[in-house]
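# Remarks on the overall topology
Each chain, letter by letter, is given below.
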Amino acid sequence: MLEIKNLNIKIQNTIIVENLSFTLNEGDKLAIIGEEGNGKSTILKAILNDAYYATVTGIINYKNSKIGYLKQNLEENELEKDGFSYLFNNQEDYYQKINEFYRYLKKINLQEGILTRKLKSLSGGEKVKISLLKLFLDDVDIFFLDEPTNDLDLETLLFLENFLQQTSKPLLYVSHDEMLLSKTANMILHLERVKDKKEARHTIKRIGYEEYIKERLHHLEKEKQIARNEKREYQKKEAILRKHLEKVAYYQETITRSDPHGGRLLKKKMHALKSQEKKLQNEKPREEIAVLENINFFFEPVFIPKSKRVLKIQLAKLQVENKILSKNINFEVIGPLKVGIIGKNGVGKTTFLKEIFTTLKMRSDLKVGYMPQVYEEVLNNYSNAIDFLTKDKTKESLTKSRMYLGNMNFTREEMNLEISKLSNGSKAKLCLLELLLSKYNVLLLDEPTRNMSPLANPIIRTALKEFQGAIISISHDRKYLQEVMDEIYLLDELGLRKIEKRDLEMD
C-alpha cells in the first residue's frame with residue numbers, strides 16, 4: 001500500500017503540487033497526466049526521495065513495500081554497464097532468477113546476445129526493454145513507471161499493456177499513450193498550471209481515463225456557460241448603472257444655484273451610485289477557464305501533385321557500422337501520401353529515416369522537414385525557442401514566432417528560457433512549430449507524439465492528418481497510426497513490406 005497525505009512540492013519559487021493526498025491499494029492503477037513541465041515525473045521522484053532539486057513536505061508512507069521504478073532515462077553510470085551487469089548483482093543472483101529471466105526475455109522480444117553490449121550502445125527501445133526486464137526480475141510490490149511505452153515496439157507495448165491490466169500490484173505511472181491510459185488506468189491524477197502557469201492545480205478521480213476526459217469536458221463546458229451567463233448579467237448591470245450615473249451627472253451640471261435642495265439630493269444620489277459601482281467592480285464575473293491543452297496548431301496549405309514521385313529509394317543493405325540491420329529495401333512514395341513505419345526495436349527505423357532525409361534534402365523540387373527522435377540534433381545550436389524559430393531575426397519573424405509559441409502555450413519566460421532547460425514535451429512542440437513555420441511539403445517524423453500530452457495529442461493528430469503534403473513517419477502510437485497514416489510499412493531483417501492496418505493489434 002502507498003499512502004500520501006498533504007504532499008507539497010516546490011521547485012525554487014514554483015509550486016508543483018499543493019496538499020495532494022491519495023492512497024494506492026491492491027489493484028489501483030493511478031495515471032498521472034498533464035501538460036509538459038507540470039511536474040509529473042517530479043511527483044514520482046519526490047515519493048522516492050529522489051527529487052533533490054525540489055522542496056518536499058508531507059506524509060509519504062509505503063510501509064516497507066519494495067517500489068520498482070522505471071525512469072525515463074538511465075543514469076550515466078548505468079549506461080556504462082553491460083546488460084548482464086545491470087540486471088544481476090552476481091552469478092548467484094543470475095541463477096536464482098534464471099527461469100523468470102528467460103520467460104520475460106522472450107515476452108519482450110529481446111535477444112540474449114544483446115546483454116553483452118554496453119547499455120549506451122543500445123537503441124532507445126532496447127534500453128527501455130532492459131529496464132522493464134530488471135523491474136520484472138526484482139519482484140517489487142509497487143510499480144512506478146515514467147513513460148514506460150516510450151520507444152517500445154508495438155509487440156512489446158501490447159505485452160506491457162496486458163501485463164499492467166493483469167497485475168494486482170499498485171501502479172503509479174506517467175504516460176502520453178492514450179490507448180494505454182484507456183486500457184489500464186482506474187484512477188487519474190491530472191496536474192495543471194493556471195493563470196499564465198503561475199498557479200498549480202490538481203484533480204484526482206477514481207475513474208478511468210476516457211470517463212475522466214468526458215467528465216472533464218462536460219465540466220469545462222458547464223463552467224464556460226456559467227462564466228458567459230455571469231458576464232452577460234454583469235454587462236447588463238454595468239450598462240444600467242452607467243446610464244444612471246450619466247443621468248445624475250447631467251442634472252448636476254445643469255441644476256441652478258437657486259435649487260440647493262435639489263443639488264444636495266443629486267449629490268446623495270451620486271454617492272449611492274458610486275457605492276453601487278464599487279460594489280459591482282468587486283463582483284466581477286468569473287473568467288472562462290483557460291485550458292492548457294487547447295493549443296492552436298495547424299499547417300498552412302502546401303502542395304504536392306498526386307502523381308509526383310516524392311521518394312524512390314533502394315538499399316541493398318541497411319547497416320550501422322559493421323552490423324547489417326535489414327536488406328533489400330525498396331520503397332516508393334507517390335504524391336501527398338502519409339506513410340507510417342513500424343518495426344521491432346533495434347531494426348534500424350531511425351537509421352532508415354535518416355537515409356531518406358539524406359536522399360531528399362538535396363532535392364530542389366521538394367522542401368523537406370525533419371523531426372528527429374533526439375530533439376537536440378536540431379536544437380543544440382540555438383540558445384532559446386525564439387532563436388530557433390526566427391533564423392532571419394527580422395521584426396516580422398520575431399513577432400510571428402512569439403505568436404505561434406503563444407498558440408502552443410509557451411509563456412514569455414519559456415520563450416526565452418535556455419533550450420536545455422525545456423521539458424521534452426516543450427522541445428517536441430518547438431520542433432513541430434519549426435516544421436509549421438517553414439512550410440515544408442514533405443515531413444519526416446521520428447516518433448512525433450511520444451512526449452506530447454495525451455490531452456494535446458488529438459489536436460496534433462488532426463493537424464498532421466489535414467497536412468496537404470507527404471509524411472513519412474516512424475511511430476508506435478496506435479491512435480496516431482490509425483488516424484493519420486494512409487499506409488503502414490513494417491521494417492524487419494528481411495526488408496520493408498506494406499501491411500494492412502487491420503493486421504495490427506491496435507484495439
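Everything below is about the structure printed above this text.
Residues numbered from 1 in each chain as written. Predicted model: local features only at pLDDT ≥ 70, side-chain atom pairs only at ≥ 80, totals over all residues. Heavy atoms only, no water.

## Notes on the side chain of Lys97
Where we set the bar: For helices the rule is a DSSP run of H or I covering at least 4 residues; for strands it is a run of E covering at least 2, with both sets numbered from the N terminus onward. Each residue is placed in one exposure class: buried if its accessible area under a 1.4 Å probe, protein chains only, is under 20% of its type's maximum, exposed if it is over 50%, and partly exposed if it falls in between. Polar contacts, as counted here, are pairs of nitrogen or oxygen atoms within 3.5 Å of one another; within protein the pair requires one atom able to donate a hydrogen and one able to accept it, and residues that are adjacent in sequence qualify only if both atoms are side-chain atoms. Any two residues whose heavy atoms approach within 4.5 Å at even a single point are treated as in contact.
With respect to the secondary-structure elements, Lys97 resides in the loop between helix H4 (91-96) and helix H5 (98-107). With a relative accessible area of 17%, Lys97 lands in the buried category. Polar side-chain contacts of Lys97 include one of 3.4 Å to the side chain of Asp138. Ignoring any residue separated from it by four or fewer positions in sequence, one finds Lys97 in contact with Phe88, Leu137 and Asp138.

## Topic: the nonpolar core
Side chains that are nonpolar tend, in soluble globular proteins, to be buried together. Condition: As used here, the term nonpolar core means buried Ala, Val, Leu, Ile, Met, Phe, Trp, Tyr and Cys residues forming a set that is joined through side-chain atoms within 4.5 Å.
Counting residues in each nonpolar core, the largest one holds 44 residues, and the members touching the most others are Leu87, Phe101 and Leu133. If one sorts the elements of this core by residue count, helix H6 (residues 124-137) sits on top with seven residues. Once you skip the residues sitting within four places of it in the chain, Leu133 turns out to touch Leu87, Phe101, Tyr104, Leu105, Ile108 and Leu110. If you look at the next biggest cluster of nonpolar residues, it comprises 43 residues, including Phe297, Leu405, Tyr480 and Ile488.

## Remarks on the sheet that holds strand E4 (residues 55-61)
This is how the line gets drawn: Being paired, for any two strands, means DSSP has found at least two bridges between them. Orientation is described by axes fitted as lines to C-alpha atoms, over the contacting stretch for helices, and by angles from 0 to 180 degrees between their N-to-C directions.
Strand order in this open sheet of three strands is E2-E1-E4, and the pairing throughout is antiparallel. Unpaired on one side and paired on the other, strand E2 (14-24) and E4 mark the two borders of the sheet. Each adjacent strand pair in this sheet contributes to an overall mean axis angle of 5°, direction not counted. Sheet topology note: the strand E1 (residues 2-11)/E2 ladder contains seven bridges and is antiparallel. Paired with Leu7 across the strands is Leu20, a residue of E2.

## Some remarks on the sheet that holds strand E8 (residues 187-194)
Strands sit in the order E5-E6-E7-E3-E8-E9 across an open sheet of six strands; the sheet is mixed. Either end of the sheet is taken by a strand with one partner, and the two such strands are strand E5 (67-70) and strand E9 (199-205). Put simply, the sheet's adjacent strands are angled 15° from each other on average, direction ignored. As paired elements, strand E3 (residues 29-34) and E8 share five bridges and run parallel to each other.

## Let's talk about the pattern of salt bridges
Oppositely charged side chains can form a pair if their charged atoms are brought close together. Quick note on the threshold: Whenever Lys or Arg places a side-chain nitrogen within 4 Å of a carboxyl oxygen from Asp or Glu, that contact is recorded as a salt bridge.
Taken as a whole and judged by the stated rule, the model has 36 salt bridges. In this structure, Glu80 engages Lys120 in a salt bridge whose closest nitrogen and oxygen atoms are separated by 3.2 Å. A residue pair is termed long-range when its members are at least 10 positions apart, and Glu80 in the loop between helix H2 (76-79) and helix H3 (83-87) and Lys120 in the loop between H5 and H6 qualify at 40 residues. Residue class for Glu80 comes out partly exposed when judged on its relative accessible area of 38%. A relative accessible area of 46% places Lys120 in the partly exposed class. Between Lys169 and Asp139 there is a salt bridge, with the nearest N and O atoms lying 3.6 Å from each other. Remark: Asp139 occurs in the loop between H6 and strand E6 (142-146) and Lys169 occurs in the loop between helix H7 (154-166) and strand E7 (171-174); sequence separation between them is 30 residues. Using a relative accessible area of 27% as the deciding quantity, one classes Lys169 as partly exposed. Residue Asp139 is classed as exposed on the basis of its relative accessible area, which comes to 57%.

## A short note on the side chain of Thr149
The residue Thr149 is located in the loop between E6 and H7 in this model. Classification of Thr149 as buried rests on a relative accessible area of 9%. Apart from residues no more than four positions distant in its own chain, Thr149 is found in contact with Leu157, Leu160, Ser175, Asp177 and Leu180.

## Quick look at the packing of aromatic side chains
Given two aromatic rings, one states the distance between the centres and the angle between the planes to describe the pair. Let me state the cut-off plainly: Note on aromatic contacts: the rings of Phe and Tyr and the six-membered ring of Trp form a pair at centre separations within 6.5 Å, being stacked when their planes are under 30 degrees apart, edge-to-face when over 60 apart, and tilted otherwise.
Under the criterion given, the structure shown has 20 aromatic pairs. Both rings, one in Tyr94 and one in Phe101, keep their centres 6.0 Å apart while their planes meet at 65°; by these two values the pair is edge-to-face. On the basis of relative accessible area, Phe101 is assigned to the buried category, the value being 0%. Plain terms: the ring middles of Phe136 and Phe159 are 6.0 Å apart, the flat faces sit at 85° to each other, and that makes the pair edge-to-face. With Phe136 in helix H6 and Phe159 in helix H7, the pair connects residues that are 23 residues apart, well separated along the chain. In this pair, the class of Phe136 matches that of Phe159, namely buried.

## Regarding helix H10 (residues 260-281)
Put simply, the rule reads: To estimate the expected span of a helix, count its residues, drop one, and scale the result by 1.5 Å. As used here, the arc belongs to the directions running from the helix axis to the C-beta atoms.
With 22 residues, H10 should cover 32 Å at 1.5 Å per step; its first-to-last C-alpha distance of 31 Å lies within 8% of that length. Among the residues of H10, those classed as buried are Gly262, Leu266, Met270, Leu273 and Leu280. With its buried residues spanning 80° around the axis, H10 presents them on a single face. Exposed side chains of H10 directed beyond 90 degrees from the buried face belong to Arg264, Lys267, Lys268, His271, Lys278 and Lys279. Packed against the buried residues of H10 are helix H9 (209-254).

## Concerning unusual backbone geometry
Only a minority of non-glycine residues have a phi that is not negative, and only a minority of peptide bonds are not trans. You will see that Asp151, though not glycine, has its phi angle at about 75°, which is positive. Considering the arrangement of structural elements, one finds Asp151 in the loop between E6 and H7. Residue classification places Asp151 among the buried residues on the basis of a relative accessible area of 13%.

## A look at the layout of surface pockets
Stated formally: Only protein atoms enter the 1 Å grid used here. Points where a 1.4 Å probe fits but cannot escape make up a cavity, open sets with protein on both sides within 12 Å along at least five of seven lines make up a pocket, and a residue lines them when an atom lies within 4 Å of a point. Grid points are joined across faces, edges and corners, and a volume is the space filled by probe spheres set on the points. Under this grouping Gly is polar, as are all residues other than the nonpolar Ala, Val, Leu, Ile, Met, Phe, Trp, Tyr, Cys and Pro and the charged Asp, Glu, Lys and Arg.
Looking at the largest pocket, its volume works out to about 1600 Å³. Forming the boundary of the largest pocket are 41 residues, of which Ile11, Gly37, Thr42, Lys421 and Ser423 lie nearest the centre. Where the lining of the largest pocket is concerned, the elements lending two or more residues are E2, helix H1 (40-47), helix H15 (412-415) and helix H16 (424-437). Considering every element that reaches the lining of the largest pocket, the biggest residue donor is H1, with four residues. Taken together, the residues of the lining of the largest pocket break down into nine nonpolar, 17 polar and 15 charged. Put simply, the second largest pocket is a space of about 1300 Å³. Lining the second largest pocket are 47 residues, and of these Leu122, Ser123, Gly124, Lys127 and Gln373 sit closest to its centre.

Taken by themselves, the reported measurements are silent on function.
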